[in-house]
Amino acid sequence: MRATPRRPWCHALAVLALSVAGCYGQVSQDLQNGVPDYSDPNPPPPPVQQDGTLPCDLDSVPAGVTLQTIAADFAKQVHPAMVRESSGCISCHATTSGRLFKVSYEGVETFYAARAAGFMNPESGSLLSRLVTPDAAVRMPRGQPSWSAQEIAAVASLTCQLEAVESRQPAARPDEEFPQALLQPYTGPSVATYDNPFIGFDQLKGKVKAVFNDTWVRNGVDRFAQNVGLFGGVDYKDHYVEARAASADFLLGLDDLARDVCLVAATNKTGPFSGLDLAQPLLDIPAPTTKQYEMEGAARTDGTIPAGTQILASNGGRSGSTGWNLYTTGSLTTAQPYPFTASATYRFTVKSKGDLCGPDLPHLQLKVDGVIVKEWDVPNNTAYADFVHSQAVTAGDHVLSVHFTNDYGETGVCDRNLHVDALQVYGPTEASTGTQRADAAKAKVDTLYRRMLYRAATAQERTNGYALVKDLNDFEPNLTKAWSGLCEGLLRAPDFLFTLPPSYEGLSGKERDRLLLVKLAQDLLGRPPTSAEFTALESGQKTWEAMVDTYLESPDFRTYYYHRMRIRTESEGTPDTDEPARLWTHLVAEGKPLTELLTGDYSVDTAFQQVARAPEHGKTGVLTMKGFIKNKPGLPHYNYAARVMTDFMGAMYEVPSEVFDMRGAATAASTVDPTSICFACHQTLTPLAHQRLKWDDEGNYRTTDQDGKPLDDSDRGLVGVYAYKGTGMEAFATQAVKKEAFVRRTLNAQFALFFGREMRHSQDERVIYKRLWDVTQENNGNLKAVLKAVATSPEYQRR
């Protein structure tokens, strides 16, 4: 009698006479009291067959072994090897990779992920078969030392234990249930990214139309269509792939757009400028002030100038105790420009007298910035008199000066001079307006914020906006252009360019809800909310949930959803290539099960109505639509099969250089050879490619090949673990829709409408994924219910 039971694979080895005496009964992994012993550092190798399978003696696995004990043992015995730096798995299979199987830093979670992906079964292509294969091109870890015999034996033992447990307790296939791994709490690193989609091409068009009532058509030319490449849009003529992020080209296009639509709106008083008087002065008239420059304090420019000197004299000298004597042609100029506080009228008073000589009187000039504004002849020669002039001056700093222009003398008889006692500036002379003009301008700034960014401007933003308009008007005195400049700035603002205005984060209550409604409308309708929609939410007439329902029933939703699905299915803008998008849209609009995306036995016409199609299609949904098959060749290149698995099952494929080298000569047989570099991927792709054989590369149905021989469109039993066995695309479709990968991929297409990306389902968003999974099960795959669940989720509302 044996002291310990055999390993799960030991009996098979004995039958095959492949082991030494005593088989593996006494080695380290014997099951003692239902608990394996993994301590032997040098166990014999497991009997993996040439085709990659592992024979298991399922009866030798005790009843005490459960899925939970296997997961715990995997976490302890296998997972450390997977996450180590050298010879580990995580460098290629991290959770951020595009691989079908992802390794996290949590052992139990990684086990369930491997089980769901089919890598913990005793078949070819499993984790074990990859670890022991002699083919270096297929062996894992690729290009690194092999795992130890002890680690490989642990994987073999757990593989057979799992096979035994699943055979005793039949349940849903692991790949058809919500992943057990994702029921574990996420313990990985926090995801700290700015998670707010940039506005897309069609959303930008919708926003410009809503804000400016402008389609940006000029002289019969659609400028949006003309610049679709800059904005990263799709026109199905020259541009078929939508940009995934903002680019420098987008900002170049935005410069052109902003200048044009803002100036047109400001000039015509339309869009955000409706009802605004842009001609109103910006600067207020302050209370008048008086400034007097005393000329006796002047300093000559050809000498030392003391600090604080206010007047500079080109010549002359003090005139007794008061004033300055310009005894030759010259000037008295303010050392610093005088700051005029407003564009208004100011009164200038020059106190002056002259020394008379000759036929002419001394001539006095008053200049502002070197420009003559007034001239006088000075007749008084004994006492100072006031020479007064009122002059309109623009706000800002201006240099003031008085000039003596006609020096004259007769030797021994007389000398004509000009004496200036003071220069006084008084004003503005108009009545003070206080702050009413500035307040009115700041109110316009606030109005533009509300109409363009859908929120009130802060006090600082009103001040800054007012200052910008003033500065622009000073640079080029044109109030229309100045206000247009502020509009341009707002059109480039983050609150305009992100689907959720970033200022949302700093708001609360109704203001926060208002900006979230902006995002919801853009996500579902491709445009901002109308004033009536804002009112409905803010007045309490409709709840958030009711607003979501209203949008999902809107004709705008169907139009925009159809547009998004055309991009999702990579339409070329033809009726044939639009057919898959029409089916997507029909399913959502009618609340039909998402499974009919692949199993629908009907088509959808251009009116989005269900129509019958030829019986040869069967239950194949988009998979046999001409527009989907076109440009996706079948054997031997596998484009069609790879695209089906990527588009609807979420599989990602790497194509190494050696595959490109051999691809031209590849055959179906060579790609299912377990020793082939192609096998890991083509164990799915080759059978699927065969199942499509009755549909040629143009999407036409056929029953014979080019030689007239009947076509075998079954999977042909080429791969034992193929999950979609059967004949024709219907066999594939009806089994594929049961898979968790299909459900997740379809849910992600809805999730992306709101978040601009797929769920981080294996990381920090596994909770919302489970919620959407449950909604799908409870509502028979109704995608509209899924959309509503996302839009009303705390994750979307950032609560």
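Placed above this text is the structure.
Thresholds applied
- Residues numbered from 1 in each chain as written.
- Predicted model: local features only at pLDDT ≥ 70, side-chain atom pairs only at ≥ 80, totals over all residues.
- Heavy atoms only, no water.
- Helix = DSSP H or I, 4+ residues; strand = E, 2+ residues; numbered from the N terminus.
- Expected span 1.5 Å × (residues − 1).
- Bend = angle between axes of the 7 residues up to and from the residue.
- Buried < 20%, exposed > 50% of the residue type's maximum accessible area, 1.4 Å probe, protein only.
- Disulfide = S-S within 2.5 Å.
- Axes fitted to C-alpha atoms, helices over the stretch in contact; angles between N-to-C directions.
- Parallel < 35°, antiparallel > 145°, perpendicular 65-115°, else oblique.
- Left-handed = near helix turned anticlockwise from the far one by under 90°.
- Contact = heavy atoms within 4.5 Å.
- Nonpolar A, V, L, I, M, F, W, Y, C, P; charged D, E, K, R; others polar.
- Pairing = 2+ DSSP bridges.

Attention shifts here to helix 19 (residues 575-590). Look at helix 19: 21 Å from first C-alpha to last across 16 residues, which is about the 22 Å you get at 1.5 Å a residue. Along helix 19, the helix axis deviates most sharply at Ala581, where the bend reaches about 30°. Counted residue by residue, helix 19 has 12 buried out of 16 residues, so it is predominantly covered. Looking only at helix 19, the buried set comprises Thr577, Asp578, Glu579, Pro580, Ala581, Arg582, Leu583, Trp584, Thr585, His586, Leu587 and Val588. Residue Gly591 follows helix 19 closely and has a positive phi angle near 70°.

Moving on, we come to the state of the cysteines. Taken as a whole and judged by the stated rule, the model has three disulfides. Across a sulfur-sulfur distance of 1.9 Å, Cys56 and Cys160 are joined as a disulfide pair. Here the disulfide of Cys56 and Cys160 is left-handed, its torsion about the S-S bond being about -75°. A residue pair is termed long-range when its members are at least 10 positions apart, and Cys56 in the loop between strand 2 (35-36) and helix 2 (67-77) and Cys160 in helix 7 (residues 149-168) qualify at 104 residues.

This brings us to the packing of helix 17 (residues 544-552) against helix 29 (residues 783-791). Where helix 17 meets helix 29, the closest approach of the two axes is 10 Å, and the angle between their N-to-C directions is 140°. Compared by their axis directions, helix 17 and helix 29 come out oblique. Along this stretch, helix 17 crosses helix 29, giving a crossing that reads as right-handed. Across the interface between the two elements, Trp544, Glu545, Val548, Asp549 and Leu552 from helix 17 touch Lys784, Leu787, Lys788 and Ala791 from helix 29. For the contact of helix 17 with helix 29, the class distribution of residues is five nonpolar, no polar and four charged.

Within the open sheet, the six strands sit side by side as 6-7-10-17-13-14. Their pairing is mixed. In this open sheet, the two edge strands, each paired with only one partner strand, are strand 6 (299-300) and strand 14 (371-377). Two strands pair when backbone bridges link them, and strand 13 (residues 363-368) and strand 17 (residues 400-404) are joined in this way by five bridges, in the antiparallel orientation. Along strand 17, the bridge assignment pairs Leu366 with Val402.

This paragraph deals with the packing of helix 28 (residues 766-778) against helix 29. Two measures define how a pair of helices packs: the angle their axes make with one another and the distance between the axes. Where helix 28 meets helix 29, the axes come as close as 9 Å, and the angle between the chain directions of the two elements is 150°. In terms of orientation, helix 28 lies roughly antiparallel with respect to helix 29. The two elements helix 28 and helix 29 meet at a crossing, and its hand is right-handed. In contact with Leu772, Val775 and Thr776 of helix 28, helix 29 contributes Ala785, Val786, Ala789 and Val790. Taken together, the residues that form the contact of helix 28 with helix 29 break down as six nonpolar, one polar and no charged.

This paragraph deals with the environment of Thr405. With respect to the helices, strands and loops of the structure, Thr405 is situated in the loop between strand 17 and strand 18 (408-410). Note on Thr405: relative accessible area 34%, which makes it partly exposed. Separated by 162 residues in the primary sequence, Thr405 and Ile567 have C-alpha atoms spaced 79 Å apart. Once residues within four sequence positions are removed from consideration, Thr405 is found in contact with Thr329, His363 and Gln365.

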